[in-house]
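Structure at a glance
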Amino acid sequence: MKKTIATIILLIFCLPIFAQSNTSETYILLKPDRIFDGERMHAAWWVLIKGNHIEAVGEATTIKVPANAKVIDLKGATLMPGLIEGHSHLFLHPYNETSWNEQVLTESRAERTARAVNHARATLMAGFTTVRDLGTEGAAYDDVGLKTAINKGIIAGPRMLVATRAIVATGSYGPKSEVAEAEIIKGGEEADGIDGITKVVRSQIGHGADVVKIYVDYHWGLNSTAAPTFTEEELKVAVQVAKSSGRMVAVHSSTTEGMRRAIAAGVTTIEHGNGGTPELFKLMKEKGIALCPTLNATESILSYSGWKKGTDPEPAAVKQKHYIFTEALKAGVAICMGGDVGVFAHGDNAQEMILMAEYGMKPLDVLRSATSVNAAVFALKELGNIKAGYLADLVAVEGNPVEDMKVLKKMRLVVKDGVVVKE
Ligand SMILES: [Zn+2]
């Protein structure tokens, strides 16, 4: 009996929070100091939500407010579209807690899922109402189930685009063992040749992948240097198969030759891009391929091995990130906001945005990158902008992020699908 009452109480308190969608006809009026609508900043604008969508947005005087509307006063705050994380791994946690190898080899699927549930909630509460999750790294297709659990309202979390297992060339990816007979779990699904990669792309799509993730290079060169994995022909076929199903292709690349092949194959986004050159960025711009620079992954990994930012000299990897980011901006390449979160803590997603500004991007462009640009690159309908008819994914921060990017770490309000999940 006690258990039943506890369950009922839990349901009463949890359901509205986790509810997938606000399908009711209720109105919510949001009154911030200013609104960033995905493109521009507007002073003294308001937003009216009806059910799960935006009913009206504009100057306060132009909005007809129904008498029964719930009013949320956001004095001092900036309202923005729900932020979109472009590169997450909800099934990983920071490598200074447990190394990637140890996570893949020693944590059970149940443990990894339990962690992912916490990570999903932390992501949503940090104002990231959508994530593109680029691979479970050994946790099979569990991202598909996690997404389903969120969509059913069982747990709190962002909208998810999932990549499932991701695709790696045989022998290129970890974890590795020198014991040839040892059958150990891999962090990605191996594939080879035109037929092989075709089959794996189709299989992952069949298992629920929204995005096809391919490692076009990895540290399998001599002395563990990064070297290309798949041939240009293999990549071209993989992209053709993925795109014919309407899906985007995201590639991990940290070498110049890997990037060149990926660009020739016509992928959607290049992750990391450490081998970028002015010529390659010019090609990316021409072909409409976006760069997801993952600045904070690089800085985090270096800090785990002892680098003290601001005190120690800048390591070569950080200098290289500055270089490629500057060149990509110069070439006008679309910049996808994605930090490779999982390498660092889920919920700290905004650190990538802070670094993008620090590395030379205009603050307003950083906000666009995490909203309207990511929505366009990922072909997300009715997200990334505050427009009448769009889905009511909205967040508010204290102060003005254009003047101080750090305020992005302090979410005051989070609304997902018309449901206030944090106030
Ligand atoms: Zn990643």
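Structure's up top.
The paragraphs below set out a description of the structure included in this document. (Residues numbered from 1 in each chain as written. Predicted model: local features only at pLDDT ≥ 70, side-chain atom pairs only at ≥ 80, totals over all residues. Heavy atoms only, no water.)

What follows deals with the side chain of glutamine 103. Within the secondary structure layout, glutamine 103 lies in helix 2 (residues 100-106). Among the residues examined, glutamine 103 registers a relative accessible area of 0% and is labelled buried. Side-chain polar atoms of glutamine 103 contact the backbone oxygen of histidine 93, separated by 2.6 Å. Residues contacting glutamine 103, with those up to four places away along its chain left out, are Phe91, Leu92, His93, Pro94, Tyr95, Thr98 and Arg112. (Helix = DSSP H or I, 4+ residues; strand = E, 2+ residues; numbered from the N terminus. Buried < 20%, exposed > 50% of the residue type's maximum accessible area, 1.4 Å probe, protein only. Polar contact = N/O pair within 3.5 Å; in protein donor to acceptor, adjacent residues only side chain to side chain. Contact = heavy atoms within 4.5 Å.)

Turning our attention to the side chain of lysine 321. Relative to the helices and strands, lysine 321 resides in helix 10 (residues 316-331). It turns out lysine 321 is buried and unbridged, and the closest side chain with the opposite charge, glutamate 352, is 7.3 Å from it. With near-sequence residues (within four places) excluded, lysine 321 lies in contact with His272, Asn274, Pro293, Thr294, Leu295, Thr298 and Tyr359. (Lys, Arg positive; Asp, Glu negative; His and termini not counted. Salt bridge = Lys/Arg side-chain N within 4 Å of Asp/Glu carboxyl O.)

Moving on, we come to the coordination of the zinc ion. Within the protein, the zinc ion binds to His87 (NE2), His89 (NE2) and Asp340 (OD); these donor distances fall in the range 2.1 to 2.3 Å. Spacing between the donor residues of the zinc ion along the chain follows H-x1-H-x250-D. Here the residue histidine 89 occupies a position in the loop between strand 6 (83-88) and helix 2, and aspartate 340 occupies one in the loop between helix 10 and helix 11 (350-358), the gap between them amounting to 251 residues. (Donors = N, O, S within 2.8 Å, 3.2 Å for Na, K, Ca; no water.)

Let us look at the pairing of strand 15 (residues 269-272). Alignment of strand 14 (residues 248-253) against strand 15, held across four bridges, turns out to be parallel. Looking across to strand 15, one finds that alanine 250 is bridged to threonine 269. Assessed by its sense of winding, the connection that carries the chain from strand 14 through helix 7 (residues 256-265) to strand 15 is right-handed. Pairing between strand 15 and strand 16 (residues 290-292): three bridges, direction parallel. From the neighbouring strand, glutamate 271 faces strand 16, where its bridge partner is cysteine 292. Read as a crossover between parallel neighbours, the route from strand 15 over helix 8 (residues 278-287) to strand 16 is right-handed. (Pairing = 2+ DSSP bridges. Right-handed = clockwise from strand over helix to strand, strands pointing away.)

What follows is about the nonpolar core. Residues Ile167, Val201, Ile214, Ile270, Met284, Leu291 and Met353 are the most contacted members of the largest nonpolar core, which totals 66 residues. The leading source of residues in this core is helix 6 (residues 232-244), at six residues. Shared between two domains, this core takes at least three residues from each, and those domains are domain 1 (23-81 + 386-422) and domain 2 (83-348). Once you skip the residues sitting within four places of it in the chain, isoleucine 214 turns out to touch Ile167, Phe230, Leu235, Ala238, Val249, Ala250, Val251 and His252. Membership of the second largest hydrophobic core comes to 18 residues, among which are Ile28, Ile35, Ile49 and Ile386. (Core = buried A, V, L, I, M, F, W, Y, C linked by side-chain atoms within 4.5 Å. Domains from an automatic or database assignment.)

What follows is about helix 8. Every buried residue of helix 8 is listed here: Leu280, Phe281 and Met284. Looking straight down helix 8, one finds its buried side chains confined to an arc of 100°; they lie on one side. Projecting away from the buried face of helix 8 at angles above 90 degrees are the exposed residues Glu279, Lys282 and Glu286. The elements touched by buried residues of helix 8 are helix 7, strand 15, strand 16 and helix 10. Immediately downstream of helix 8, the backbone of glycine 288 shows phi near 70°, a positive value. (Arc of directions from axis to C-beta.)

With the rule as written, the count across this model stands at five aromatic pairs. Here tyrosine 173 and tyrosine 218 contribute two aromatic rings whose centre-to-centre distance is 4.6 Å and whose plane-to-plane angle is 65°, an arrangement assigned as edge-to-face. You can see tyrosine 173 sitting in the loop between strand 9 (167-169) and strand 10 (189-191) and its partner tyrosine 218 sitting in strand 12 (residues 217-218), a full 45 residues away along the chain. Judged on exposure class, the residue tyrosine 173 and its partner tyrosine 218 are both buried. Every member of this aromatic cluster is reached through a ring pair, and the members are Trp100, Tyr173, Tyr215 and Tyr218. (Phe/Tyr/Trp six-rings, centres within 6.5 Å; stacked < 30°, edge-to-face > 60°.)

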